[in-house]
Amino acid sequence: MAKNIFTSFKLNMMNNVSFTGLQNMGSCIQPYKIEGKGHIYAVSLLAKLTDDFQGKDLTEFENVLRKCSDSFNHRFPQDKNFIHIQTQEFIPEDENFESIPKLLVNGYVVPTETKTMPLFSYIAKFTKKCMGISEKDYKIARDFKYGPDGDSYLTPIRISDYDFTPEERKELLDEVYSLDKVKENAEIINDNIQRQMMDYFA
């Protein structure tokens, strides 16, 4: 029975879904060391969702949140039009210990249960689409990327809090708000979600 549910989940993930209304996308990986135990790798993906003539990306996300409202109904606290996705994976020093990634949306852990399956499916399709986004569809506002929002939306630690020169700060922001970084880390998040779902349905 569990295998049939998981097969159905994978097939549903492949359904076409419009994600053309994406703006101000960024991504990064943050490693955290736990002394004597291993590392946590947090992979983050940020995007502003909009509704336009090409798709209703914001509305679709809000509809998914309503479906999961009993278990999860959290919006990005700084701006409800943004979505912040993160997977965290613990890499232990003990090679014989296998860990399962966990999913966070808008800063909150998403519990793996029946009621949250629409959100897992949405995020899986979302990251799949991000992996295939083209240069012409990649839109980011300069005043966002180099302003206070771009400095703080992607990570809880502001880039400007570090002792960077203006050139170094610009170079770092250009990297985390680049299409290559978005596509690369969207694939990692997608893989992590697949592993989490396989463990849940096992």
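Each chain has its residues counted from 1, running along the sequence as written. Reporting in this predicted model follows two pLDDT cut-offs: at least 70 for local features of residues, and 80 or more for side-chain atom pairs to be given and counted; totals over whole chains, interfaces and linings ignore these cut-offs and use all residues. With hydrogens and water set aside, each side-chain value is computed from the structure's full complement of heavy atoms.

J.: Please clarify how the packing of helix 3 (residues 117-131) against helix 7 (residues 179-201) should be interpreted in this entry.
T.: Packed helix pairs are specified by the crossing angle of their axes together with the interaxial distance, meaning the distance between the axes. Only the contacting stretch of a helix is used when fitting its axis, a line to C-alpha atoms as for every element, and angles between N-to-C directions run 0 to 180 degrees. Think of it this way: any DSSP run of H or I at least four residues long counts as a helix, any run of E at least two long counts as a strand, and we number them from the N terminus. One can describe the packing of helix 3 onto helix 7 by two numbers: an axis separation of 8 Å at closest approach and a directional angle of 150°. In terms of orientation, helix 3 and helix 7 fall into the roughly antiparallel class. Considering how the two elements wind past one another, helix 3 and helix 7 form a crossing that is left-handed. Here helix 3 contributes Met117, Phe120, Ile123, Ala124, Thr127, Lys128, Cys130 and Met131 to the contact with helix 7, which in turn contributes Val182, Lys183, Ala186, Glu187, Ile189, Asn190, Ile193, Gln196, Met197, Tyr200 and Phe201. Throughout this entry, Asp, Glu, Lys and Arg are counted as charged residues, while Ala, Val, Leu, Ile, Met, Phe, Trp, Tyr, Cys and Pro are counted as nonpolar. The remaining residues, Gly among them, count as polar. Looking at side-chain class alone, the contact of helix 3 with helix 7 contains 13 nonpolar, three polar and three charged residues. Here roughly perpendicular refers to angles of 65 to 115 degrees, roughly parallel to angles under 35, roughly antiparallel to angles over 145, and oblique to all remaining angles. Should the near helix be turned anticlockwise from the far one by less than a right angle, the crossing is left-handed, and should it be turned clockwise, the crossing is right-handed. Residue contacts are counted whenever heavy atoms from the two residues lie within 4.5 Å of one another.

J.: Help me understand the pairing of strand 1 (residues 22-34) in this model?
T.: Along any regular strand, the residues point their side chains to alternate faces of the sheet. For two strands to be treated as a pair, DSSP must find at least two bridges joining them. Direction of pairing for strand 1 relative to strand 2 (residues 38-49): antiparallel, over a ladder of eleven bridges. Across the sheet, Gln30 pairs through a bridge with Ala42, a residue of strand 2. The turn linking strand 1 back onto strand 2 is made up of three residues, and Gly36 within it adopts a positive phi angle of 80°.

J.: Teacher, can you tell me more about the pattern of salt bridges here?
T.: Any two side chains of opposite charge can pair if their charged atoms end up close together. Any Lys or Arg side-chain nitrogen found within 4 Å of a carboxyl oxygen on Asp or Glu counts as a salt bridge. One pass over the structure, following the stated rule, counts seven salt bridges. Of the charged contacts, one joins Lys145 and Asp174 as a salt bridge, the two residues approaching to 3.1 Å between their closest N and O atoms. Of the two residues, Lys145 is situated in helix 4 (residues 142-145) and Asp174 in helix 6 (residues 166-176); the sequence distance between them amounts to 29 residues. Judged by its relative accessible area of 13%, Lys145 falls in the buried class. When the shortest N-O distance is used, the salt bridge between Lys170 and Asp174 registers 2.9 Å. The rule is simple: take the accessible area with a 1.4 Å probe, protein chains only, and divide by the maximum for that residue type; under 20% is buried, over 50% is exposed, in between is partly exposed.

J.: Just to check I follow, could you spell out the layout of surface pockets for this structure?
T.: If a probe the size of a water molecule is rolled over the atoms, the empty space left behind becomes visible. In this structure, the largest pocket occupies an estimated 260 Å³ of space. Along its surface, the largest pocket is lined by 17 residues, and Cys28, Gln30, Thr155, Ile159 and Leu172 are the ones closest to its centre. Of all elements in the fold, only strand 1, helix 5 (148-152) and helix 6 reach the threshold of two or more residues within the lining of the largest pocket. The dominant element in the lining of the largest pocket, judged by the number of residues it contributes, is strand 1, at four residues. Class assignment for the residues of the lining of the largest pocket results in twelve nonpolar, four polar and one charged. For the lining of the second largest pocket, the class distribution of residues is six nonpolar, eight polar and no charged. Cavity means a closed set of points on a 1 Å grid over the protein atoms alone, one where a 1.4 Å probe fits but cannot get out, pocket means an open set with protein on both sides within 12 Å along at least 5 of 7 lines, and lining means a residue has an atom within 4 Å of a point. Grid points are joined across faces, edges and corners, and a volume is the space filled by probe spheres set on the points.

J.: Explain the environment of Phe201 to me, please; I cannot follow it from the model alone.
T.: Within the secondary structure, Phe201 sits in helix 7. A relative accessible area of 12% means that Phe201 is categorised as buried. Along the sequence, Phe201 and Glu113 sit 88 residues apart, while their C-alpha atoms lie 9.9 Å from each other.

J.: Sorry if this is basic, but what is going on with the packing of aromatic side chains here?
T.: A ring pair, where both rings are aromatic, is described by two values, the distance of the centres and the angle of the planes. Aromatic pairing here means that ring centres of Phe, Tyr or Trp (its six-membered ring) are within 6.5 Å. Orientation follows from the plane angle: under 30 degrees is stacked, over 60 is edge-to-face, and everything else is tilted. As enumerated under the stated definition, the model contains ten aromatic pairs in all. Ring geometry for Phe82 and Tyr153: centres 5.1 Å apart, planes at 85°, overall edge-to-face. Of this pair, Phe82 sits in strand 5 (residues 82-92) while Tyr153 sits in the loop between helix 5 and helix 6, and the two are 71 residues apart along the sequence. For Phe82, a relative accessible area of 3% translates into the label buried. Consider the rings of Phe144 and Tyr177, whose centres lie 5.7 Å apart with planes at 80°: the pair is edge-to-face. Placement of Phe144 in helix 4 and of Tyr177 in the loop between helix 6 and helix 7 is noted, with a sequence separation of 33 residues between them. For Phe144, a relative accessible area of 7% corresponds to the buried category. Residue Tyr177 is classed as buried on the basis of its relative accessible area of 2%.

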